[in-house]
Amino acid sequence: MFRYKSIWLMAVLLCLLPMGSVAATLTGESERAWIEEAGELVEAADSGKAPAVLFQRDVRASREALRELVRNADPEDRAQYRNMILMVALLDAAAACHRGGVIVCPPDLMRQMRAQMARLRAQLGGTG
């Protein structure tokens, strides 16, 4: 299926990131803001009421914001963005799950997204 191909593509891209400090803590305000926005997208997907067009637009904006964060990061610190990249891949998959004009994700995808948000918040140091 197409939505799972994007997850695998992101997973492959994760392997290409430098293997520096994998367990590094994200501390920048822009990273915190991105994670909070991703959390709102996960909640919207979980509600089953998110309008598909708006959700897809927000996921595209989130992907572009993350691209800029990684692009502007010190190359030695890029490994700390792995969990964020995986989160955007999961959000892309969720954006493809629409029925009747709203986002309706399968339970397995929602479990993966919630678990990934927990990892991101833990990476922030529990402040998310």
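Look up a bit, the structure's there.
Residue numbers restart at each chain and count upward from 1, following the sequence in its written direction. Selection of residues for local features in this predicted model requires a pLDDT of at least 70, selection of side-chain atom pairs for listing and counting requires 80 or more, and totals for whole chains, interfaces and linings are taken over all residues. The basis for every side-chain value is the complete set of heavy atoms in the structure, and neither hydrogens nor water enter the calculation.

> If you had to explain the nonpolar core to someone new, which residues and values would you point to?
Side chains of nonpolar character tend, in soluble globular proteins, to be buried together. Judged by nonpolar contacts, the single largest core of 33 residues is most densely connected at Trp34, Phe55, Leu66, Met87, Leu91 and Met113. Residue contributions to this core peak at nine residues, all from helix H4 (residues 82-95). We call two residues in contact when some of their heavy atoms are within 4.5 Å. Residues in contact with Met87, not counting those within four places in the same chain, are Trp34, Ala38, Val42, Met113, Gln116, Met117 and Leu120. Remark: nonpolar core denotes a set of buried residues (Ala, Val, Leu, Ile, Met, Phe, Trp, Tyr, Cys) joined through side-chain atoms within 4.5 Å. Burial here depends on accessible area, computed with a 1.4 Å probe over protein chains only, as a share of the maximum for the residue type. Under 20% is buried, over 50% is exposed, and the range in between is partly exposed. Numbering of helices and strands runs from the N terminus; a helix is a DSSP stretch of H or I covering at least four residues, while a strand is a stretch of E covering at least two.

> Go over the pattern of salt bridges with me, naming the residues and quoting the values.
What makes a salt bridge here is a side-chain nitrogen of Lys or Arg within 4 Å of a carboxyl oxygen of Asp or Glu, nothing more. Under the defined criterion, the tally for this structure stands at seven salt bridges. Linking Glu29 and Arg32 is a salt bridge whose minimum nitrogen-to-oxygen distance equals 3.8 Å. Taken together, the residues Glu29 and Arg32, both in helix H2 (residues 29-47) and three residues apart, mark about one turn of the helix. On the basis of relative accessibility, which here comes to 59%, the residue Glu29 falls in the exposed class. With a relative accessible area of 24%, Arg32 lands in the partly exposed category. The partner of Asp92 in a salt bridge is Arg63, with the nearest N and O atoms 2.8 Å apart. Here Asp92, found in helix H4, pairs with Arg63, found in helix H3 (residues 52-72); they are 29 residues apart in sequence, far enough to count as distant. Taking relative accessible area as the criterion, Arg63 reaches 23% and is therefore assigned partly exposed.

> Before we move on, could you go through the packing of H2 against helix H5 (residues 107-123) and cite the residues and values that matter?
The relative placement of two packed helices comes down to the angle between their axes together with the axis-to-axis distance. Every axis corresponds to a line fitted to the C-alpha atoms, with the helix fit spanning only the stretch in contact, and the corresponding angles, defined between N-to-C directions, vary from 0 to 180 degrees. It is the contact of H2 with H5, at a shortest axis distance of 10 Å, that shows an interaxial angle of 160°. As far as their axial angle goes, H5 and H2 are roughly antiparallel. Where H2 crosses over H5, the two elements pack in a sense that is left-handed. Of H5, the residues touching H2 (which contributes Trp34, Ile35, Glu36, Ala38, Gly39, Val42, Ala45 and Asp46) are Met110, Met113, Arg114, Met117, Leu120 and Arg121. Note that Gly is not counted as nonpolar here; it falls among the polar residues with everything else outside the nonpolar set of Ala, Val, Leu, Ile, Met, Phe, Trp, Tyr, Cys and Pro and the charged set of Asp, Glu, Lys and Arg. Each residue belonging to the contact of H2 with H5 can be placed in one class, and the counts come to nine nonpolar, one polar and four charged. Roughly parallel means an angle under 35 degrees; roughly antiparallel means over 145; roughly perpendicular covers 65 to 115; every other angle is labelled oblique. We call a crossing left-handed when the near helix sits turned anticlockwise from the far one by less than a right angle, and right-handed when that turn is clockwise.

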